[in-house]
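Summary of the model geometry
Below are the chains, spelled out letter by letter.
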Amino acid sequence: MRHLRRLRRESRRQVVYDLLLWIALGVFIAAMGPDPFKDPAAFGMVTAPRVVLAAAAVLVGRPYPLAALVLLLPLGPWRFTEGFATVDLSWLLPRQGVKIFPLLPTSPFIIWYAYLTGRRLSRVWPAPAAFCLVTCVGVSVVLVMGGDLALWVSMVTALVGTYLVPYLLGLLRRRLLQQRRQTRLSVAAQARLRERARIARDMHDSLGHDLALIAVRAAGLELAPGLDPAQVKAAGELRLAAADATERLRHIIGLLREDSDPPPLSPVDEPVVGPVDGDVAELVWRARDSGMSITLDLAPGPVPGLARAVVQEGITNAAKHAPGAAVQVSVSPYRVAVRNGPPRSRPTALSGGLGLAGLRERVRLAGGTLTAGPAGDGFELAVTLPLTGEEDPLHSGVNRRPDARRSGA
């Protein structure tokens, strides 16, 4: 039943196409046979069965081109009177005109089904088996006709030109399409992995930042006067829980990045939405509301599109590794820096580096440089970007608002 369902045409267009193909094949078959007006009996005995055979070949040819190729064997290139070329092999053979690649009116149809066999047949063994059958038929025809060397030359070229070469072309076409399909799938997989890496980076940056601020607030509560021991203990547990959540987040995001491991998105591909100076100021205000001692120095001019990511990473690292330290944020059109003093309490995190590694790659893709290391008795994260015009896609394209410059925000 499954094979019968495959014989059904999926659309009216396929039905019309196959019907026209059968009519064309029938016309060529009739041209090869006896004249129906001069010898109707011979026409009925020879041509009519061939037309029925052609109908069967067209019926099964769409889902099973190899079956059509076998059905058309009686109409194969077994007449060696006409060929694609005629060569003179008198130096080797007594016969001078040897036909190379014999052609019949039905040869184009056989070539087409041989091509479809290579193009559509997924299994390997049926095609060699069918070609062995075709070769046996060709050898039998040559032996019946006398076994002349010229006939062998014609038969071999007929097999190669009518069956083997079209099959190999179809096989090559199928391999090329498979390779193209694999390339598309690979590109789609890379896009999915790149999106996973972007999500991982955003989760690490945003959630890590928020958890660091929660730890800062909890540390401030521990030192607040007027709290009873139970409240101080709860604040300490909250700070430890935030630090533990930050560590677990780092491990989870690390696994996600290791699984994906694509090149990170270039900052050029991430359009900046809204005024970036306002985003930077909001980060500073939130950090200050959480209890951090932080100041903002926003220089005149366009703000780099990477400024928010740099400031967020710097504030997060200061909150985790230097609790209670004074933090200074400075932003200019070509440089963004976050500097903190010495810590005043025990760090809330002992490891990290994923956010800094991702930020370093983003800065590299933007054509800038990133430095992170000790500065005096504290630590400084600084990013230097190429100084370009407002058309630079790394800039927000929004001029600094007149009241955006704030000291001690």
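Everything discussed here concerns the structure shown above.
As the structure is a prediction and not an experimental result, all values here were calculated from the model. (Residues numbered from 1 in each chain as written. Predicted model: local features only at pLDDT ≥ 70, side-chain atom pairs only at ≥ 80, totals over all residues. Heavy atoms only, no water.)

**Some thoughts on the nonpolar core**
Among the nonpolar cores identified, the biggest contains 34 residues, and Met292, Val311, Ile315, Val329 and Val331 are the most heavily contacted of them. If you list the elements that add at least two residues to this core, you get α7 (149–223), α9 (276–289), β3 (293–298), α10 (307–321), β4 (326–331), β5 (335–340), α11 (354–365) and β7 (378–384). Among the nonpolar cores identified, the runner-up in size contains 33 residues, and Ala57, Leu75, Ala127 and Leu171 belong to it. (Core = buried A, V, L, I, M, F, W, Y, C linked by side-chain atoms within 4.5 Å. Buried < 20%, exposed > 50% of the residue type's maximum accessible area, 1.4 Å probe, protein only. Helix = DSSP H or I, 4+ residues; strand = E, 2+ residues; numbered from the N terminus.)

**Some details on the sheet that holds β5**
In space, the five strands of this open sheet follow the order β3-β4-β5-β7-β6, with mixed pairing throughout. Each of the sheet's edge strands pairs with one partner strand only, and the pair in question is β3 and β6 (369–375). Each strand axis lies, on average, 10° off the axis of its neighbour in the sheet, ignoring direction. Inspection of the sheet shows β4 paired to β5 by five bridges, in the antiparallel sense. (Pairing = 2+ DSSP bridges. Axes fitted to C-alpha atoms, helices over the stretch in contact; angles between N-to-C directions.)

**Focus: the state of the cysteines**
Here a disulfide denotes one covalent bond, and it connects the sulfur atoms of two cysteines. On inspection of all chains with the given rule, the structure shows zero disulfides. Sulfur of Cys132: no disulfide; nearest cysteine sulfur belongs to Cys136 and is 6.7 Å away. (Disulfide = S-S within 2.5 Å.)

**Let's talk about the packing of aromatic side chains**
What the rule picks out here adds up to four aromatic pairs. Ring centres of Trp112 and Tyr115 lie 5.8 Å apart, and the angle between their planes is 25°; on these two criteria the pair is classed as stacked. You can see Trp112 and its partner Tyr115 sitting in helix α5 (residues 107–120), three residues apart, about one turn around the helix. The exposure class of Trp112 is partly exposed, given its relative accessible area of 35%. The partly exposed category is assigned to Tyr115, whose relative accessible area is 24%. Between Phe131 and Tyr167 the ring centres are 5.0 Å apart and the planes differ by 80°, which places this aromatic pair in the edge-to-face class. (Phe/Tyr/Trp six-rings, centres within 6.5 Å; stacked < 30°, edge-to-face > 60°.)

**A short note on a nonpolar patch on the surface**
Together, Val16, Leu19, Leu20, Trp22, Ile23 and Val27 make up a nonpolar patch on the protein surface, roughly 530 Å² of accessible area in all. Owing to a relative accessible area of 53%, Val27 belongs among the exposed residues under this scheme. (Patch = residues over 30% accessible without salt bridge, like charges linked within 9 Å, V, L, I, M, F, W, Y side chains within 5 Å. Areas by Shrake-Rupley, 256 points an atom, 1.4 Å probe, with all protein chains shown as cover. Salt bridge = Lys/Arg side-chain N within 4 Å of Asp/Glu carboxyl O.)

**Thoughts on unusual backbone geometry**
Even without a glycine there, the phi angle at Phe101 is positive, about 55°. You can see Phe101 is positioned in strand β2 (residues 97–102).

**Structural notes on the packing of helix α2 (residues 12–32) against helix α3 (residues 40–61)**
With their axes 9 Å apart at the nearest point, α2 and α3 run at an angle of 155° to one another. Classed by the angle they form, the pair α2 and α3 counts as roughly antiparallel. Handedness of the crossing formed by α2 with α3: right-handed. Contacts from Asp18, Leu21, Trp22, Leu25, Gly26, Ile29, Ala30 and Met32 of α2 reach α3 at Phe43, Thr47, Arg50, Val51, Ala54, Ala55 and Val58. Here the residues of the contact of α2 with α3 are counted per class, giving eleven nonpolar, two polar and two charged. (Parallel < 35°, antiparallel > 145°, perpendicular 65-115°, else oblique. Left-handed = near helix turned anticlockwise from the far one by under 90°. Contact = heavy atoms within 4.5 Å. Nonpolar A, V, L, I, M, F, W, Y, C, P; charged D, E, K, R; others polar.)

**Topic: helix α6 (residues 126–144)**
Compared with an ideal rise of 1.5 Å per residue, which puts 19 residues at 27 Å, α6 spans 27 Å between its outermost C-alpha atoms and is within 8% of the ideal. Regarding α6, the residues found buried are Pro126, Ala127, Ala130, Phe131, Val134, Gly138, Val141 and Val142. Down the axis of α6, the smallest arc covering the buried residues is 150°, so these residues share one side. Counted as exposed and oriented over 90 degrees from the buried face of α6: Leu143 and Val144. Trailing α6 by a residue or two, Gly146 shows a phi angle of about 120°, which is positive. (Expected span 1.5 Å × (residues − 1). Arc of directions from axis to C-beta.)

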